[in-house]
Amino acid sequence: KRASDEYQKGVNELKEILGKVPKDEALPFAQYYQNTVIPAMEKVRKPADELELLVGREFWPFPTYGDLLFSVD
């Protein structure tokens, strides 16, 4: 499966999951993030990492790992 397809599918799933975050109490909110949101984010990370290596820097809309590591002020 192509990384771009996998990425788009994961982003769509993550958007749906984020729309269902319980907002009434702190504990269910935290548990939902731990058990549902974070695993969905990890699922998106793998194809995003692959795409970062394939897409030209001028077209990549996010900071790269290098940007994050070496641009600390």
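So, here's what we can say about the structure. (Residues numbered from 1 in each chain as written. Predicted model: local features only at pLDDT ≥ 70, side-chain atom pairs only at ≥ 80, totals over all residues. Heavy atoms only, no water.)

**Let's talk about the side chain of E52**
For step 1, the next point in the chain: Summarising the element assignment, E52 is placed in helix α2 (residues 26-54).
For step 2, the next point in the chain: Summary of buried charges: E52 has no salt-bridge partner, and the nearest side chain of opposite charge, R57, is 6.7 Å away.
For step 3, the next point in the chain: Contact partners of E52, with chain neighbours within four places excluded, come to W60, T64 and Y65. (Helix = DSSP H or I, 4+ residues; strand = E, 2+ residues; numbered from the N terminus. Buried < 20%, exposed > 50% of the residue type's maximum accessible area, 1.4 Å probe, protein only. Lys, Arg positive; Asp, Glu negative; His and termini not counted. Salt bridge = Lys/Arg side-chain N within 4 Å of Asp/Glu carboxyl O. Contact = heavy atoms within 4.5 Å.)

**Topic: the pattern of salt bridges**
For step 1, the next point in the chain: Following the criterion strictly, the structure yields six salt bridges and no others.
For step 2, the next point in the chain: Residue K43 pairs with E13 through a salt bridge whose shortest N-O separation is 2.8 Å. Remark: E13 occurs in helix α1 (residues 3-18) and K43 occurs in helix α2; sequence separation between them is 30 residues.
For step 3, the next point in the chain: Of the charged contacts in the structure, one is a salt bridge between R45 and D49, with a shortest N-O distance of 3.4 Å. Of this pair, R45 and D49 both sit in helix α2, separated by four residues, roughly a single helical turn.
For step 4, the next point in the chain: The class for R45 is partly exposed, based on a relative accessible area of 48%.
For step 5, the next point in the chain: Taking the relative accessible area as the measure of exposure, D49 reaches 25% and is therefore partly exposed.

Note that every value here comes from positions in space, so none of it alone points to a role or purpose.
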